[in-house]
Amino acid sequence: MSAVPNPRPSPSPSSNPRPNPYAPPRARVRDIAAPKEQLVLAERSSRLGAAIVDSLIFTAMVYIPLIVGTMIGGLMGGAAADGGEPNPVFVLVGFGLGLVGFVVWIYMTLKQMSATGQSLAKKYFNIKVVRTDGSQASLSNLIWRRNVLNGLLGIIPLYGLIDVLLIFGEERKCIHDKIADTLVVEA
């Protein structure tokens, strides 16, 4: 008995014009976090440097214009020379400059934090804040849990010192990191 050749050869998968409806989807998924094993914790020195530089940026943008403006107001009013009252216009200018600096600082910081999870100094030090699972931390989590709630807890005596000293633990997590369920990692 001879074999009868198949008159219709089966098509190869690459020549099939119709996609297989039972095949798994072929999509790029970009919102999956990096596995925790791939995250590299930021060095303690980088975190300290970023905190210091963030403080210096805030001081330069808010406190210095406020102090310089009010000092000029006091000098213009003759308060330093003859004990007179400071010129209220210049004092208000100092407060206005401080307020403008604060608004600009808030805008720049929130824009940077929402885009990358980094403050202005964290971007310079190439570190960022992520959730403990590696996903990007939400802006509300960064603001309310890491900053506002942590600031409110600052009224507890020695809280600030204890919060900072926990960076020397094995996890390198401060109290505000534990509250917000975040890590500071290399970007």
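Let me begin by describing the structure that accompanies this report. These figures come from a predicted structure and were not determined experimentally. (Residues numbered from 1 in each chain as written. Predicted model: local features only at pLDDT ≥ 70, side-chain atom pairs only at ≥ 80, totals over all residues. Heavy atoms only, no water.)

This next bit is on the packing of helix H3 (residues 88-116) against helix H5 (residues 139-153). Between H3 and H5, the shortest axis-to-axis distance is 8 Å and the interhelical angle comes to 115°. In contact with Leu110, Met113 and Ser114 of H3, H5 contributes Leu139, Leu142, Ile143 and Asn147. Residues that form the contact of H3 with H5 fall into these classes: 5 nonpolar, 2 polar and no charged. (Axes fitted to C-alpha atoms, helices over the stretch in contact; angles between N-to-C directions. Helix = DSSP H or I, 4+ residues; strand = E, 2+ residues; numbered from the N terminus. Contact = heavy atoms within 4.5 Å. Nonpolar A, V, L, I, M, F, W, Y, C, P; charged D, E, K, R; others polar.)

Let us now look at the packing of aromatic side chains. Within this structure, the stated rule accounts for 5 aromatic pairs. Here the aromatic cluster, defined as three or more aromatic residues joined through ring pairs, consists of Phe58, Tyr63, Phe102 and Trp105. (Phe/Tyr/Trp six-rings, centres within 6.5 Å; stacked < 30°, edge-to-face > 60°.)

A few words now on the pattern of salt bridges. According to the stated counting rule, one finds 4 salt bridges in the structure shown. As a salt-bridge pair, Asp177 and Arg47 come within 2.8 Å of each other at their nearest N and O atoms. Of this pair, Asp177 sits in helix H7 (residues 175-180) while Arg47 sits in helix H1 (residues 44-76); the two residues are 130 residues apart in sequence, bridging distant segments of the chain. Summarising the burial analysis for this pair, Asp177 and Arg47 share the class buried. Glu171 serves as the salt-bridge partner of Lys178, at 3.5 Å between the closest nitrogen and oxygen. Residue classification places Lys178 among the partly exposed positions, given a relative accessible area of 45%. (Salt bridge = Lys/Arg side-chain N within 4 Å of Asp/Glu carboxyl O. Buried < 20%, exposed > 50% of the residue type's maximum accessible area, 1.4 Å probe, protein only.)

This part is about a nonpolar patch on the surface. On the surface, Leu158, Leu161, Ile162, Leu165, Leu166 and Phe168 cluster together into a nonpolar patch covering about 610 Å² of accessible area. In this structure, Phe168 sits in the loop between helix H6 (159-165) and H7. (Patch = residues over 30% accessible without salt bridge, like charges linked within 9 Å, V, L, I, M, F, W, Y side chains within 5 Å. Areas by Shrake-Rupley, 256 points an atom, 1.4 Å probe, with all protein chains shown as cover.)

Let's shift gears to unusual backbone geometry. Of note in the backbone geometry, Leu158 takes a positive phi value of approximately 65° without being a glycine. Tracing the chain through its elements places Leu158 in the loop between H5 and H6. Accessibility expressed as a relative area gives 61% for Leu158, which makes it exposed. One non-glycine residue, Asp181, lies in positive phi territory at about 60°. By secondary structure assignment, the location of Asp181 is in the loop between H7 and strand E2 (182-186). Overall, Asp181 belongs to the partly exposed group, its relative accessible area being 28%.

Mapped onto the fold, Asn126 is located in the loop between helix H4 (120-124) and strand E1 (127-131). C-alpha separation for the pair Asn126 and Arg47, spaced 79 residues apart in sequence, amounts to 10.0 Å. For Asn126, the residues in contact, after removing those within four places along its chain, are Gln118, Glu186 and Ala187.

Let us now look at H3. Residues lying three or four places apart along an α-helix face the same way, a consequence of the helix completing one turn every 3.6 residues. Taking 1.5 Å of rise per residue, the 29 residues of H3 would be expected to cover 42 Å, and the 42 Å separating its terminal C-alpha atoms lies within 8% of that figure. Taken together, the buried positions of H3 are Gly94, Gly98, Gly101, Trp105, Thr109, Gln112 and Met113. Remark: Gly117 follows H3 within two positions and exhibits a positive phi of approximately 80°. (Expected span 1.5 Å × (residues − 1).)

On to the pairing of E2. Within E2, 4 of the 5 residues are buried, which leaves the element mostly enclosed by the surrounding structure. As defined by bridge partners, E1 adjoins E2 across 5 bridges and the pair is classed as antiparallel. Looking across to E2, one finds that Val129 is bridged to Val184. (Pairing = 2+ DSSP bridges.)

Before going further, it helps to examine H5. In this model H5 runs 20 Å from its N-terminal to its C-terminal C-alpha over 15 residues, within 8% of the 21 Å that 1.5 Å per residue would give. By the burial criterion, the buried members of H5 are Asn141, Leu142, Arg146 and Asn150. All buried residues of H5 lie within an arc of 105° about the axis, which places them on one face of the element. Those residues of H5 that are exposed and aimed more than 90 degrees away from the buried face are Trp144 and Leu152. (Arc of directions from axis to C-beta.)

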